[in-house]
Amino acid sequence: MKILANDLKRQYDLYAPEYEKKALEVLRSGWYILGSEVKSFEREFADYIGTKYCVGVASGLDALWIAFRTLNIGAGDEVIVCANAYIACVMGITINGAAPVFVEPDEYDNIDADKIEEAITPNTKAILAVHLYGQSCDMTKIMDIAGRHGLKVVEDCAQAHGTTWQGKMCGTFGDISCFSFYPTKGLGAFGDAGAVLTDNEEYAEFVRMIRNYGSKVHYQNEVVGANSRLDELQAGLLRVKLTHLNSFNEERCRLAERYNTEIHNPYIRALKTRPGSNNTWHQYEIHSPYRDELIAYLRSFDIGTIIHYPIPPHLSHAYAYLGYKQGDFPITERYANDILSLPFYNGMTEDEQTYVINKLNRFKTAE
Ligand SMILES: *Cc1c(COP(=O)(O)O)cnc(C)c1O
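About the cut-offs
- Residues numbered from 1 in each chain as written.
- Predicted model: local features only at pLDDT ≥ 70, side-chain atom pairs only at ≥ 80, totals over all residues.
- Heavy atoms only, no water.
- Helix = DSSP H or I, 4+ residues; strand = E, 2+ residues; numbered from the N terminus.
- Polar contact = N/O pair within 3.5 Å; in protein donor to acceptor, adjacent residues only side chain to side chain.
- Contact = heavy atoms within 4.5 Å.
- Near = heavy atom within 4 Å.
- Areas by Shrake-Rupley, 256 points an atom, 1.4 Å probe, with all protein chains shown as cover.
- Buried < 20%, exposed > 50% of the residue type's maximum accessible area, 1.4 Å probe, protein only.
- Pairing = 2+ DSSP bridges.
- 1 Å grid on protein atoms, 1.4 Å probe; cavity = no way out; pocket = protein on both sides within 12 Å on 5 of 7 lines; lining within 4 Å.
- Points joined across faces, edges and corners; volume = space filled by probe spheres on them.
- Domains from an automatic or database assignment.
- Axes fitted to C-alpha atoms, helices over the stretch in contact; angles between N-to-C directions.
- Core = buried A, V, L, I, M, F, W, Y, C linked by side-chain atoms within 4.5 Å.

J.: Is there a simple way to explain the side chain of His308 in this structure?
T.: With respect to the helices and strands, the residue His308 is situated in the loop between α10 (291-299) and α11 (330-338). Separated by 2.6 Å, the side chains of His308 and Ser341 make a polar contact. Once residues lying within four places of it in the same chain are set aside, the contact partners of His308 are Tyr133, Gln283, Glu285, Ile339 and Ser341.

Structure follows, in structure tokens:
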């Protein structure tokens, strides 16, 4: 049996006629940029998350840098972010000229909120709370610290569509929250897409201006902006997918529950879920001290895996200019060496999961 690490075709097949109907409708409409699909998606997604405004943009990375630009955070400013973040989180900070200040993750693989205060300097302007792998950061502690130090909070919800902290939706805590709809995300488009959400009307207006060449009125450009528009086709397809988001999340919870209860191997540790957070299981992460051996072992049975992420941002060539070296963030570096995403996707069959579980349970333990 061949098992892919992720198989997006399965999710498509589940509701193919709905996607095809919507795609044809948009193609035949003759209107492709900033029309009624984008407007409707922005309304529906803001309602789903529970914010006043949603502004569609071209990607999750664009959502991030536009958020920091909106908050006027740039050269000379510092933003606190977990050291084990995805590289795009850090680029969202540095594109505007601001500097990332890294904080190690805790045992739940998200930022260790107890280490944030020691990272604050007179230049700190914001905390970027990245809700990695489908579960929430400790938003109670983060909002408390931000409040006491006068810092802005941006939430990166690219892996947390529908994730909650103490029953409240991620994306409703910070000043601005950023979503990606890259095809592998919990709510995935059929191409690149993203969104910026906020309760602040001025911020929403500013984002709307930036995404469209810095213009509010056609051909009147107030600032140097970008072309970062969510297109009608993606917005239309996202509207269809949004109606199924809860059931996609529930299905992944069932799949994760099976891995949680049926994987028994002393060399494999499942990701812990933080009390107070639910988990929408963006991926299914494990840690293993024999990670690379495990990858090769699974590959020998045609089972695919992915590493999220093999090189932490502080050791990435792109950030060599920050001057970090191996050993600066030991927990993050250990995670980069022992984390692994197992095969996991909507539409994964019972047989496929059984096959993976059986192989995992025999790793290094079979006679
Ligand atoms: C995917 C992702 C991004 C970037 O989103 P794109 O749409 O690929 O630009 C940012 N942050 C996190 C946590 C992500 O997982």
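J.: Would you mind going over the site of the ligand with me for this structure?
T.: Around the ligand, the structure places 14 residues, and the nearest of them are Gly60, Asp156, Gln159, Ser180 and Lys185. Ser180 places a side-chain nitrogen or oxygen 2.7 Å from an oxygen atom of the ligand. In this structure, an oxygen atom belonging to the ligand sits 2.6 Å away from a side-chain N or O atom of Lys185. If the ligand stood free it would expose 380 Å²; the protein chains cover 92% of that surface.

J.: What exactly am I supposed to notice about the environment of Asp231 here?
T.: Assignment of secondary structure puts Asp231 in the loop between β11 (220-221) and α8 (232-242). Spatially, the C-alpha atom of Asp231 lies 35 Å from that of Leu315, the residues being 84 residues apart in sequence. Aside from chain neighbours lying at most four places away, what touches Asp231 is Tyr32, Ile33 and Val38. In this structure the side chain of Asp231 is engaged in a polar contact, spanning 2.8 Å, whose partner is the backbone nitrogen of Gln234.

J.: I'm lost on the pairing of strand β1 (residues 53-57) in this one. Help?
T.: Two faces make up the sheet, and in a regular strand the side chains alternate between them. With four of its five residues buried, β1 lies for the most part within the structure. Where β1 lies against strand β9 (residues 194-198), five bridges are found, and the strand directions are antiparallel. Across the sheet, residue Gly56 finds its bridge partner in β9, namely Ala195.

J.: Would you take a moment to explain empty space enclosed by the protein for this structure?
T.: To locate leftover empty space, one rolls a probe as large as a water molecule over the atoms. Within this structure, the stated rule accounts for one cavity of 30 Å³ or more. One number sums up the size of the largest cavity: a volume of about 80 Å³. Lining of the largest cavity is provided by Asn84, Ala85, Asp109, Tyr133, His308, Tyr309, Ile311, Pro312, Thr332, Tyr335, Ala336 and Ile339. With three residues, the top contributor of residues to the lining of the largest cavity is α11.

J.: Help me understand the layout of surface pockets, please; the structure alone is not making it clear to me.
T.: Here the largest pocket defines a volume of roughly 670 Å³. Surrounding the largest pocket, 40 residues form its lining, Tyr182, Thr184, Lys185, His282 and Gln283 being those nearest its centre. Elements with a minimum of two residues in the lining of the largest pocket: α1 (8-14), α4 (60-70), α5 (87-94) and β8 (176-180). Structurally, the lining of the largest pocket is a two-domain feature, drawing no fewer than three residues from each of domain 1 (8-242) and domain 2 (245-362).

J.: Looking at this structure, I do not really get the sheet that holds strand β4 (residues 124-130). What am I missing?
T.: Two strands in a sheet stick together by hydrogen bonds in their backbones, pointing the same way (parallel) or opposite ways (antiparallel). Spatially, β1-β9-β8-β5-β4-β2-β3 is the arrangement adopted by the seven strands of the open sheet, whose pairing is mixed. Strand pairing shows two members of the sheet lacking a second neighbour, β1 and β3 (99-103), which therefore form its edges. Sheet twist, expressed as the average angle between the axes of neighbouring strands with direction ignored, equals 25 degrees. Relative to β9, β8 runs antiparallel, the two being bridged by four bridges. Across the sheet, residue Cys178 finds its bridge partner in β9, namely Val196. Across the sheet, helix α3 (residues 36-49) touches β1, β8 and β9, and the angle it forms with β1 is around 125 degrees. Sitting on the sheet, α5 touches β2 (78-82), β3, β4 and β5 (152-156), and the angle it makes with β3 is about 140 degrees.

J.: Got a minute to help me understand the nonpolar core in this structure?
T.: Where a protein is soluble and globular, its nonpolar side chains tend to be buried together. If you look at the biggest cluster of nonpolar residues, it comprises 58 residues, and the most contacted ones within it are Ile80, Leu128 and Ile142. When residues of this core are assigned to their parent elements, the largest contribution, six residues, is made by α4. Each of domain 1 (8-242) and domain 2 (245-362) contributes no fewer than three residues to this core. Dropping the residues within four chain positions of it, Ile142 is found in contact with Ile111, Ala113, Ile116, Ile127, Ala129, Cys137 and Val153. By size, the runner-up hydrophobic cluster in this structure holds 24 residues, among which are Ala256, Leu298, Met348 and Phe363.

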